[in-house]
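# Commentary on secondary and tertiary structure
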Amino acid sequence: MSQDHSLNPETMPQEPEKATLEGKNKFLGLWFFLGGETVLFASLFGTYLALRNSTAGGPASTDLFGLELVFVMTMLLLTSSLTSVYAMYQMKNNNFKKMQLWLGITALLGMAFLACEIYEFYHYIHEYEFTFRSSAFGSAFYTLVGFHGGHVVFGLSWLIALMVRNAKRGLNLYNAPKYYTFSLYWHFIDVVWVFIFTVVYLMGKVG
Amino acid sequence: MSIAAAQKKGFMAAVWDYLTTVDHKKIAKLYLFAGGFFFLLGGLEALFIRIQLISPENDFLTAGLYNEMITMHGTTMIFLAAMPLLLGLMNAIMPLQIGARDVAFPFLNSLGFWLFLFGGVLLNCSWFLGGAPDAGWTSYAPLSIQSPGHGVDFYIMGLQISGAGTLIGGINFLVTIVTMRAPGMTYMRMPLFTWTTFVTSVLILFAFPALTVGLFLLMFDRMFGAAFFDVTLGGNSVIWQHLFWIFGHPEVYILILPAFGIFSDIISTFSKKRLFGYTAMVFATILIAFLGFMVWAHHMFTVGLGPVANAIFAIATMAIAVPTGIKIFNWLATMWGGSITINSAMLWTLAFIPSFTIGGMTGVMLASAVADYQYHDTYFVVAHFHYVIVGGVVFGILAGLHYWWPKMFGRILNETLGKISFWLFFIGFHLTFFIQHFLGLMGMPRRYWVFLEDQGLDNGNLISTIGAFLMGIGGLIFVINIIYTSVKGEKASADPWDGRSLEWAIPSPPPFYNFKQTPLIRGLDPLWIEKTEGKGKITPAEPLGDIHMPDASILPFIMSFGFFVAGFGFIYQVDHSGWLAAIFIGIGIALICMLIRSLKDYHGFHIHKEDLEREAD
Amino acid sequence: MIGWMGKRKPLFLFGMLALLLAGCGKENLTAFEPKGYGAESSMNLIILSIIIMAFVFAIVLLVYVITLVRFRKKKGQEDFIPKQVEGNKTLETVWTVIPIILVLILAVPTVAATFDLADKSEAQDGINVEVTGNQYWWHFNYEGDEVQTSQDLYIPTGERVYLNMISSDVIHSLWVPSISGKMDVNPENVNTMYLQAHEEGVYWGKCAELCGPSHSLMDFKVVAVSPEEYEQWISDMQSVDPEAEPEDAVAQDGKALFEEKSCVACHAIGSSPNATGPNLTNFGDRSKIAGYLEPTEENLVEWLMDPEAIKPGNKMTGNYPEVSEEEAKQIANYLLQLKPSDISPESAGN
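All values derive from a computational prediction rather than experimental measurement.

Glancing now at the overall build of chain A. Along its length, chain A carries 7 helices and 0 strands. Ordered by position from the N terminus, the helices and strands of chain A form the series α-α-α-α-α-α-α. In terms of its C-alpha atoms, chain A occupies a principal-axis envelope of roughly 70 × 30 × 25 Å. In chain A, the share of contacts with a sequence separation of at least 24, taken over all contacts with a separation of at least 6, comes to 81%. Measuring between centres, the 13 positive side-chain charges of chain A sit 10 Å from its 13 negative side-chain charges.

Below you can see the structure in the form of structure tokens.
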């Protein structure tokens, strides 16, 4: 079909993700969506800040948080952001294999992050009996960090679906914007984590 | 494809067509139909409220049912009537005004509608399943946490689902306006209705997530034992109020700004004059939207935030009067020196100016924090926001419907019936709400199931009820007008009003690809320019060629249905863990739809040049 | 028409307006007739803002009417094309600057009044009442005086009485329109406002935040008496002996039933801090039963036998053994004779 031809040109343009109107729309739409997500997380942060000392006699942030694990998690997620940048760099070079490789590494790092987070929650629940229902602080903590974790899960599913779907057919102008918008979303998750690291863990450790 | 053509293929084919459509004009009709239905439902609820308040210590409704009635009236009117009706008009007209063939995300456009509809239906299912929500449309915690039964759960899930739909709609409009304007359609040449659609979408984008979070917190507390609003576990109920109003105040502008856009277009058209102070109008819109985010705590003057916060929010609120005043005077100046035609669309517009001015002024009065200690949560506030929302938004929707009906449906609404319904509704409106300003200060708080005998409130309430019935009759006549018009109405030409903007340059109703050739825009009021200075019709920006159109899809409908099922699961898993299955099934359906959507390629289809040539202009 | 009322017309209209407003509503309930410091403060701003707004509205309406009269499409000129005006810098500046000035005129006194009403620097030396909002009644604890009561709040005229308010369940809002604007009663924090009544009298109070089915029946009274009478009332209340046997035989039976039917578990008589249900120390003096019914024995019997029919969703329903009409009459008899003081709404109302 003429369609496939127009989406699979002889040479890929410099910015394949923005070469079509659909691509531009996707790109811009995701930016707007992230604007909304910013308000979502801002609201969650506001709620957390209002309730972070409302422990109702239960465990407080100073009792709970260990910075070592959180530091490792931060490094994992920051690195995954970097590897997704490499992937996009390879996309612009029209090197599909390398792009998939870097995205694969991104996915692995994301999964490692999630594993740490699950361990962290498990640890709090079993060692400290600190749950979602223990106090307003507990509810706020698990909601904020959990929402971020949920975003990571969604991002990973998105990434894996993309990689599997396109594994055999390579890069074209139809799927390039999809990869690109994923990487934007992944960066956003990373930025939110930096704020969580600062507001929840560092400030929580100071008390 | 017109409705008539679809009917030839049989009724089921037409239904399937609408279930799967991604055409912005058909989605607009769906929004109007669903929004109109909910508007009638909300109106009925309003009449029940007014019957209960016809005399002191009346027992037409029980106390519990009354609270359900006020909650559902407010929630329905705001989320399920006013907003969808406006989204319908935006969908129908905005792409035409910028010379686009469709919106940026036709699939998401359809998804937005079906999410809204399933959310609204879910919310209203509560009537038949043990009682509607009864904590007010503001659903303040801890009353909403404590409320027995599942009413508030329906509120949470219903609004969450329909809110997601609205957010998607907002993003879609934003991208459409940024990337899909026709050549020459610069930002400062866009009609005011397109501008207000744009600014409204920004408001939706930044306001709705706050509601989303608020609803999640409420949901976690009610359904999963969290402690956000549980004081004994350190919770804080004021958080809900902040989140609700961070959303809720911009919401007011989400409603009124599109109405401002409608009025701007109508006034300019029927005065045969360019909009006076176009640039100022655009910046006033942006300024109102910006300030709209800075004033939420004026709903909370009595919460005890302290004098500093109250003073700051009082001043910020008063500041909104300035850009709003600019708009009022610019509209008057547009009419000044014009040649004014008064028909139904213009009648609603002309009625809006004094009515909304009153509503705006009582808004400034409410902004005065210490005065608000008296007004707050009384009928004064009820009067104020009905002056703004009925006198502004509903008048705007009705004006817009009269104005754009010919474009959307190809027939002109009957003028006589239009005028009768206008006068009944207009008189009824002022009768209902003007007196309520006084009732409030005479000591009648809002949301009162009964008012007591011998408190001087009898006459005012009786008058108010009489007015409400006039409004009801007026609304009914409007519905009759729609039915009459669709059977016997006068056929509309492409440009029945001697219009100025691009939508009047194409047939009524427009073909499904809108513009055979993308138009070239040479200035503000492009059609008017071509009529007065050009050839009388729009110059195309491209030679006739193939037109690319998006594929229809049933996925948005199924996906929304999945969330609908999951909604029931969330609500009832509190009673029995078996309902968790409904959550998994529902979310599963939605996820599978998403997966299909992302794995399958959608390339759309082409209308070929030859077919286009065969069709007459 | 021109000669009618001559130049005095505006004055006359303003007088009419004042008359109209004053005639609005029931005395001691309506906010239009302020009889306390807070209500006056609010009323001043209300009047100022109405004047400003009336001015603006008059201008808008004037331009509007002139426009509609002069510029309607005229017969025979259907093809007339008006001049397409882009705008007018001067005009637009005028209608930007004037509203700013008007808003400032309102903003300055608003800010001043906001800080003035929030001033609680003298609260320590004043009368402090701990107010608890409950579904659907109000509890008042006179801090330092060991006086507890419900529903009727006694205050001395001319003094600031500080209300330190908290809720035991959902959010309520305390509003006495004639004396002061409202303030929310939250479950998580104490909000403080003060009442200062100028004249003696019984003032209606209302709950102004939706709090459940009987939200509209959560009325209470503020009984403003002279400072001397207030002192008298406090000492009368302090000297109540909750154990005292009533003189009347029926009332004696009523007292026994009051304990037997476990009323006493929730309702304190005397200075006990038990506030599960309304304190009944001076029940016989109350201006209303259940917040809104006349204090007759008949109404009280009805209430005791079926409170749900009178106040839907109240917390008393189902929390005590059934009472027969006979028993209800005896309890009513006992409760209605609980009149520890000569200072009552009746005495204040006259």
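That covers the picture; the talk isn't over yet.
What follows is about the interface of chain B and chain A. Listed as interface residues are 40 residues of chain B and, on the opposing side, 36 residues of chain A. At the boundary of chain B with chain A, total buried surface from both sides reaches about 3,000 Å², with 71% on carbon and sulfur atoms. Of all residues in chain B, Phe 228, Leu 233 and His 603 of chain B give up the largest surface area on contact with chain A, accounting jointly for 17% of the area buried on that side. Where chain B packs against chain A, one counts 2 salt bridges. The partner of Arg 169 of chain A in a salt bridge is Asp 601 of chain B, with the nearest N and O atoms 2.4 Å apart. Put simply, the parts of the chain that give the side of chain B that touches chain A at least two residues each are helix H7 (151–179), helix H8 (192–224), helix H9 (238–271) and helix H20 (580–599) of chain B. Looking at which element gives the most residues to the side of chain B that touches chain A, the answer is H8 of chain B, with 10 residues. Residue classes in the side of chain B that touches chain A are distributed as 25 nonpolar, 12 polar and 3 charged.

With that settled, consider the interface of chain C and chain B. At the junction of the two partners, chain C supplies 85 residues and chain B supplies 92 residues. For the pairing of chain C and chain B, the buried interface totals around 7,500 Å² over both sides, and the portion due to carbon and sulfur atoms is 69%. Counting the surface chain C buries against chain B, the share from its top three residues, Phe 71, Trp 95 and Leu 210 of chain C, is 10%. Applying the counting rule to chain C against chain B returns 2 salt bridges. Residue Glu 86 of chain C is joined to Arg 274 of chain B by a salt bridge in which the shortest nitrogen-to-oxygen separation is 4.0 Å. Summed over the shared surface of chain C and chain B, the number is 27 residue pairs in polar contact (both at pLDDT 80 or more). Of all the secondary-structure elements, those providing two or more residues to the side of chain C that touches chain B are helix H2 (37–70), helix H3 (89–117), strand E7 (180–185) and strand E9 (201–207) of chain C. Here the side of chain C that touches chain B gets 19 residues from one element, more than from any other, and that element is H2 of chain C. When grouped by side-chain class, the residues that make up the side of chain C that touches chain B number 51 nonpolar, 20 polar and 14 charged.

Residues and elements named next belong to chain B. Turning to its location among the elements, Asn 109 is positioned in helix H5 (residues 106–125). Residue class for Asn 109 comes out buried when judged on its relative accessible area of 1%. At a separation of 3.4 Å, a polar atom in the side chain of Asn 109 contacts the side chain of Asn 172. If we ignore the near neighbours within four places in the chain, the residues touching Asn 109 are His 24, Ile 27, Asn 91, Val 103 and Asn 172.

Attention now moves to a negative patch on the surface. On the surface, Glu 247, Asp 248, Asp 253, Glu 325 and Glu 326 of chain C cluster together into a patch of negative charge. Relative to the assigned elements, Glu 247 of chain C resides in the loop between helix H4 (227–238) and helix H5 (249–260).

Attention now goes to the sheet that holds strand E4 (residues 152–156) of chain C. Residues and elements named next belong to chain C. The sheet built from 5 strands is open, its strands ordered E4-E10-E9-E6-E7 with mixed pairing. Where the open sheet ends on each side, the last strands, each with one partner, are E4 and E7. Between one strand and the next, the sheet's axes are offset by a mean angle of 25°, whatever the strand orientation. Direction of pairing for E9 relative to strand E10 (residues 220–225): antiparallel, over a ladder of 5 bridges. Its bridge partner being in E10, Trp 204 is matched across the sheet by Lys 221.

Turning our eyes to something else, we now look at the pairing of E9 of chain C. Residue and element names in this part refer to chain C. Of all 7 residues that make up E9, 7 are buried, and the element is covered over most of its length. In E9, alternate side chains face the same way, and those of Gly 201, Tyr 203, Gly 205 and Cys 207 on one face and Val 202, Trp 204 and Lys 206 on the other are all buried. Pairing of strand E6 (residues 172–176) with E9 involves 2 bridges; the strand directions are antiparallel. Counted as the bridge partner of Leu 174 is Cys 207 from E9.

All right, on to the pattern of salt bridges then. Between side chains of opposite charge, a pair can form as their charged atoms come close. All names here are of chain B. Counted by the stated rule, this structure contains 24 salt bridges over all chains. With a shortest N-O distance of 2.6 Å, Asp 498 and Lys 531 are connected by a salt bridge. With Asp 498 in the loop between strand E2 (490–491) and helix H18 (526–533) and Lys 531 in helix H18, this pair connects stretches of sequence that are 33 residues apart. For Asp 498, a relative accessible area of 26% corresponds to the partly exposed category. The network of salt bridges with common partners includes Lys 272, Asp 495, Asp 498 and Lys 531.

Analysis parameters
Residues numbered from 1 in each chain as written. Chains lettered and ligands numbered in written order. Predicted model: local features only at pLDDT ≥ 70, side-chain atom pairs only at ≥ 80, totals over all residues. Heavy atoms only, no water. Helix = DSSP H or I, 4+ residues; strand = E, 2+ residues; numbered from the N terminus. Contact = heavy atoms within 4.5 Å. Lys, Arg positive; Asp, Glu negative; His and termini not counted. Charge placed at Lys NZ, Arg CZ, Asp CG, Glu CD. Buried area = accessible area lost by both parts, 1.4 Å probe. Salt bridge = Lys/Arg side-chain N within 4 Å of Asp/Glu carboxyl O. Nonpolar A, V, L, I, M, F, W, Y, C, P; charged D, E, K, R; others polar. Polar contact = N/O pair within 3.5 Å; in protein donor to acceptor, adjacent residues only side chain to side chain. Buried < 20%, exposed > 50% of the residue type's maximum accessible area, 1.4 Å probe, protein only. Patch = residues over 30% accessible without salt bridge, like charges linked within 9 Å, V, L, I, M, F, W, Y side chains within 5 Å. Areas by Shrake-Rupley, 256 points an atom, 1.4 Å probe, with all protein chains shown as cover. Pairing = 2+ DSSP bridges. Axes fitted to C-alpha atoms, helices over the stretch in contact; angles between N-to-C directions.

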